[in-house]
Amino acid sequence: MAGEKKTKPGMKKKAVARERPDVPSLFRINVEVGNLEEAARFYGDLFGLVGRMQAGSRCYFTCGAVTLQVVDVSSASEPHPAAKALYFVVNDLDAIFERAKAMRCLAREEVHGAAAGKISVRPWGERSFYAEDRWHNPLCFVEAGTIYPG
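Residues numbered from 1 in each chain as written. Predicted model: local features only at pLDDT ≥ 70, side-chain atom pairs only at ≥ 80, totals over all residues. Heavy atoms only, no water.

1. Some thoughts on the nonpolar core
- If you look at the biggest cluster of nonpolar residues, it comprises 28 residues, and the most contacted ones within it are Tyr-43, Leu-46, Leu-68, Val-70, Phe-129 and Phe-141.
- Sequence-distant contacts of Val-70, defined by excluding residues within four places in its chain, comprise Val-31, Val-33, Leu-36, Ala-39, Tyr-43, Ser-57, Arg-58, Cys-59 and Phe-61. (Core = buried A, V, L, I, M, F, W, Y, C linked by side-chain atoms within 4.5 Å. Buried < 20%, exposed > 50% of the residue type's maximum accessible area, 1.4 Å probe, protein only. Contact = heavy atoms within 4.5 Å.)

Here it is as structure tokens:
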């Protein structure tokens with residue numbers, strides 16, 4: 001019969017008409033750089049990961065459910081900075097902050113009246129800091145357990 005589903009051989013169950021929205025799921029984000037080897041080293045050192053070099057002047061970093069794709073566009077154009085900013089959740093914010101500090105890539109601007117390049121609790125409750133690669137891609141690192149879901 002129309003509108004029915006079989007659940008086991010010989011048994012029928014009425015189909016429940018549920019409309020599920022087709023919600024997009026972010027799986028990869030792209031940052032443009034001007035030197036792939038340097039960028040792969042930068043992100044590898046900052047994240048404490050080894051990137052996977054890919055065809056097409058790319059290097060992939062698995063960041064949870066989303067892959068960060070670092071792509072060298074220098075053969076065709078100048079790198080264009082990513083959106084403001086890319087947010088990463090980390091368990092040990094202090095450790096990644098120390099790596100960013102040693103790499104001299106902490107952000108220099110202010111965020112809501114506080115230095116972006118220092119660990120602080122933002123007005124929305126997240127404990128975070130901001131960094132930037134040499135191609136001006138803005139990065140924010142947020143301590144797990146303090147994420148503001150909006």
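2. Here's the deal with helix α2 (residues 93–102)
- For α2, the complete set of buried residues consists of Leu-93, Ile-96, Phe-97 and Ala-100. Looking straight down α2, one finds that the buried residues subtend no more than 105° of arc, so they occupy a single side.
- Those residues of α2 that are buried are in contact with α1 (36–47), β7 (86–90), β11 (127–132) and β12 (138–143).
- Immediately downstream of α2, the backbone of Arg-104 shows phi near 55°, a positive value. (Helix = DSSP H or I, 4+ residues; strand = E, 2+ residues; numbered from the N terminus. Arc of directions from axis to C-beta.)

3. A closer look at the packing of α1 against α2
- In the contact formed by α1 and α2, the axes pass within 8 Å of each other and the chain directions differ by 145°. In contact with Asp-45, Leu-46 and Phe-47 of α1, α2 contributes Ile-96, Arg-99 and Ala-100. (Axes fitted to C-alpha atoms, helices over the stretch in contact; angles between N-to-C directions.)

4. Looking at α1
- For α1, which comprises 12 residues, the first-to-last C-alpha distance of 16 Å matches the rise-based estimate of 16 Å (1.5 Å per residue) to within 8%.
- Inspection of α1 places Leu-36, Ala-39, Ala-40, Phe-42, Tyr-43, Gly-44, Leu-46 and Phe-47 among the buried residues, and these make up the whole buried set.
- Measuring from the backbone nitrogen of Glu-37 back to the side-chain oxygen at the start of α1 gives 3.2 Å, which picks out Asn-35 as the cap.
- Gly-48 sits one or two residues past α1 and shows a positive phi near 75°. (Expected span 1.5 Å × (residues − 1). Polar contact = N/O pair within 3.5 Å; in protein donor to acceptor, adjacent residues only side chain to side chain.)

5. Focus on the pattern of salt bridges
- Applying the stated criterion across every chain yields a total of 4 salt bridges.
- Here Glu-38 ties to Arg-134 by a salt bridge, and the two come within 2.7 Å at their closest N and O atoms. You can see Glu-38 sitting in helix α1 and its partner Arg-134 sitting in the loop between β11 and β12, a full 96 residues away along the chain.
- Linking Glu-143 and Arg-127 is a salt bridge whose minimum nitrogen-to-oxygen distance equals 2.9 Å. Taken together, the residues Glu-143 in strand β12 and Arg-127 in strand β11 connect sequence positions 16 residues apart. (Salt bridge = Lys/Arg side-chain N within 4 Å of Asp/Glu carboxyl O.)

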